Amino acid sequence: VRHPSLLSGVAPLTKLISLKVLDDNGRVRSTDVLRALEYIRSDVNGHGKPPLRVHGVNISLGYEFNAKWFACGQSPVCIEVDRLVRSGVAVVIAAGNTGYGELMAKAGPTNTGLSLTINDPGNAALAITVGSTHKDSPHTYGVSYFSSKGPTGDGRLKPDLVAPGERIVSCATGKKLELMKRQKLLEGVCSLKEGKHPAAYIDESGTSMAAPHVSGAIAAFLSIRREFIGKPEDVKRIFLNSATSLGRERYFEGSGLVDLMRAIQSI
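Residues numbered from 1 in each chain as written. Predicted model: local features only at pLDDT ≥ 70, side-chain atom pairs only at ≥ 80, totals over all residues. Heavy atoms only, no water.

Chemist: Describe the side chain of Asn45, listing the residues and the values that go with them.
Modeler: In this fold, Asn45 is placed in the loop between α1 (30–44) and β1 (56–59). Overall, Asn45 belongs to the buried group, its relative accessible area being 3%. For Asn45, the side chain forms a polar contact with the main-chain nitrogen of Arg53, separated by 3.1 Å. Other than its neighbours up to four places away in sequence, Asn45 contacts Ile40, Leu52, Arg53, Val54 and Val89. (Helix = DSSP H or I, 4+ residues; strand = E, 2+ residues; numbered from the N terminus. Buried < 20%, exposed > 50% of the residue type's maximum accessible area, 1.4 Å probe, protein only. Polar contact = N/O pair within 3.5 Å; in protein donor to acceptor, adjacent residues only side chain to side chain. Contact = heavy atoms within 4.5 Å.)

Next comes the structure, spelled out in structure tokens:
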């Protein structure tokens, strides 16, 4: 078992603020997400007055877009995401995991990739919406079968980027940590401090794991290109223009695989 100190994310020195919007059963209400985004924009960042305290937001959650509720990209959460971006904060959102399903063909049901499946609030125009790809061989395996695919309901190109989202090592918390305890999977896992909860890690897959890779890349970029803090639309343009194409359909991969080094070198 590897010691937790040997595990590292994309931008390990980034300072994080965690705002809880899910209840203890993993359910989320859009009103809670709205309050969290508004809190960052108004209370923490003072409506965009420099210096900004929060430079970026990662949203690894969402819900299926329903045209009966709101026009695409015009739901209250999407509008608040765009408002937050205009205030100077880069917002990265998971595209969703609804890109694969069953269709009824004349010969019978068939499983296939599904277009027009970008989740809200990933439909927000100014957000950086992230799909998933294989973590080791993205050029071979391409976009993950489950990754939500564009275009948006009103015909815009989404997702914007793809990033590793299959079997990503992440911390186990809440119910997953409790399940590991019940299954006695924590034996031999070292604790950060004696008498404290063990540092438990598990593999997870989904666009919720892909989006933080892009958030980390942006955090790393802003740490050395600080003149772009507060300019999220420029940051989005830089990362989209510097992405590496996997040779897949644009509505699957967007601009391609996030490429931090190329983004840095392009400035």
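Don't stop here, the text continues.
Chemist: I'd like a description of the pattern of salt bridges, backed by residues and values.
Modeler: Counted under the stated rule, the structure contains eleven salt bridges. The partner of Glu80 in a salt bridge is Arg41, with the nearest N and O atoms 2.9 Å apart. Here Arg41 lies in helix α1 and Glu80 lies in helix α2 (residues 76–86), a separation of 39 residues in the sequence. As far as the burial class goes, Glu80 and Arg41 line up, both buried. Of the charged contacts, one joins Arg167 and Asp203 as a salt bridge, the two residues approaching to 3.2 Å between their closest N and O atoms. Of this pair, Arg167 sits in the loop between β6 (161–164) and β7 (168–171) while Asp203 sits in strand β8 (residues 201–204); the two residues are 36 residues apart in sequence, bridging distant segments of the chain. For Asp203, a relative accessible area of 37% puts it in the partly exposed group. Residues joined by salt bridges that share partners form a network here, namely Arg29, Asp32 and Arg35. (Salt bridge = Lys/Arg side-chain N within 4 Å of Asp/Glu carboxyl O.)

Chemist: Run through a nonpolar patch on the surface, naming residues and quoting values.
Modeler: The grouping of Ile17, Leu19 and Tyr39 at the surface amounts to a nonpolar patch, some 280 Å² of accessible area in total. What makes Ile17 exposed here is its relative accessible area of 59%. (Patch = residues over 30% accessible without salt bridge, like charges linked within 9 Å, V, L, I, M, F, W, Y side chains within 5 Å. Areas by Shrake-Rupley, 256 points an atom, 1.4 Å probe, with all protein chains shown as cover.)

Chemist: With reference to specific residues and values, describe unusual backbone geometry.
Modeler: Where the residue is not glycine, phi is negative for most of them; where a peptide bond is considered, it is trans in most cases. Between Gly150 and the following residue, Pro151, the backbone shows a cis peptide bond with an omega angle of 0°. Along the chain, the position of Pro151 falls in the loop between α3 (138–141) and β6. Positive phi is not limited to glycine here, since His47 has a value of about 60°. The exposure class assigned to His47 is exposed, which follows from its relative accessible area of 53%.

Chemist: Pulling in residues and values, what's your account of the packing of aromatic side chains?
Modeler: Tallying each qualifying case throughout the model produces five aromatic pairs. Each ring, one from Tyr63 and one from Trp69, has its centre 6.5 Å from the other, and the planes form 40°; the classification is tilted. Judged by relative accessible area, which is 25%, Tyr63 ranks as partly exposed. You can call Trp69 exposed: its relative accessible area is 56%. Both rings, one in Phe221 and one in Phe228, keep their centres 5.8 Å apart while their planes meet at 45°; by these two values the pair is tilted. Here Phe221 matches Phe228 in class, with each residue buried. (Phe/Tyr/Trp six-rings, centres within 6.5 Å; stacked < 30°, edge-to-face > 60°.)

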